[in-house]
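If you want the building blocks of each chain, they are given just below.
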Amino acid sequence: MSDALLYLLLFVAWTALLVVAIAAMRVAAVLKGEKRSNEFPADEPHGGPFYRRLWRAHLNCVENLPLFATVVLVAEVSGQHTSGLDAFAGIYLAARVLQTSFHLISLAPVIVNARFTMFMVQVVALVLMIADVLMA
């Protein structure tokens with residue numbers, strides 16, 4: 001397995017971990033009698049501040065996973081996989097994990113700025129991944 005494919009798998013695992021955390025919080029709220037199982041509407045905010053940040057961090061991963069996966073899989077299937085792709089994919093994944101972590105920590109300006117910085121690192125890494133595959 002190439003490093004890029006490993007990073008893709010780890011990205012999926014990271015996203016799944018967020019799903020498990022959301023599910024655990026929901027199950028706990030239902031078991032404690034704080035909520036009924038049908039009181040988690042997707043189209044309106046609910047839960048405390050941490051829960052809402054967790055939900056949004058999860059959605060950020062879900063939104064970005066197809067972009068990352070497409071580039072990695074196209075490179076693998078087309079035989080255009082390079083060591084550059086591996087490096088940029090590793091940077092992308094590290095920035096994704098940091099961005100998610102910052103999202104969960106707080107909404108303080110310094111943390112939001114750090115989160116945005118990690119987002120921009122991902123954008124640059126993705127562009128470099130695409131360029132690397134196209135030039136391979």
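You'll find the structure just up there.
Computed from a predicted model, the values in this text were never measured in an experiment.

### Focus on the packing of helix 3 (residues 83–105) against helix 4 (residues 109–135)
Move 1: Their axes nearest at 8 Å, the elements helix 3 and helix 4 cross at an angle of 160°. Judged on the interaxial angle alone, helix 4 and helix 3 are roughly antiparallel. When the axes of helix 3 and helix 4 are compared, the crossing they make is left-handed.
Move 2: Among the residues forming the contact of helix 3 with helix 4, the class breakdown is 19 nonpolar, four polar and three charged.

### Thoughts on the side chain of His58
Move 1: For His58, the position within the fold is in helix 2 (residues 49–78).
Move 2: Residue classification places His58 among the buried positions, given a relative accessible area of 11%.
Move 3: Beyond its immediate sequence surroundings of up to four residues, His58 is in contact with Thr15, Leu18, Val19 and Ile22.

### Observations regarding the packing of aromatic side chains
Move 1: Throughout the structure, instances matching the rule amount to four aromatic pairs.
Move 2: Taken together, a centroid distance of 4.7 Å and an interplanar angle of 25° make the contact between Phe68 and Tyr92 stacked. Linking Phe68 in helix 2 with Tyr92 in helix 3, this pair joins segments that are 24 residues apart in sequence.
Move 3: A relative accessible area of 0% places Phe68 in the buried class.
Move 4: Classification of Tyr92 as buried rests on a relative accessible area of 1%.
Move 5: Ring geometry for Phe116 and Phe119: centres 6.2 Å apart, planes at 35°, overall tilted. In this pair, Phe116 and Phe119 are both assigned in helix 4, three residues apart and thus about one turn of the helix distant.
Move 6: For Phe119, a relative accessible area of 32% gives the class partly exposed.
Move 7: Positioned over the ring face of Phe40 is Lys35, at 6.0 Å from the centre of the ring.

What counts, and at which threshold
- Residues numbered from 1 in each chain as written.
- Predicted model: local features only at pLDDT ≥ 70, side-chain atom pairs only at ≥ 80, totals over all residues.
- Heavy atoms only, no water.
- Axes fitted to C-alpha atoms, helices over the stretch in contact; angles between N-to-C directions.
- Helix = DSSP H or I, 4+ residues; strand = E, 2+ residues; numbered from the N terminus.
- Parallel < 35°, antiparallel > 145°, perpendicular 65-115°, else oblique.
- Left-handed = near helix turned anticlockwise from the far one by under 90°.
- Nonpolar A, V, L, I, M, F, W, Y, C, P; charged D, E, K, R; others polar.
- Buried < 20%, exposed > 50% of the residue type's maximum accessible area, 1.4 Å probe, protein only.
- Contact = heavy atoms within 4.5 Å.
- Phe/Tyr/Trp six-rings, centres within 6.5 Å; stacked < 30°, edge-to-face > 60°.
- Lys NZ or Arg CZ within 6 Å of the ring centre and 35° of its normal.

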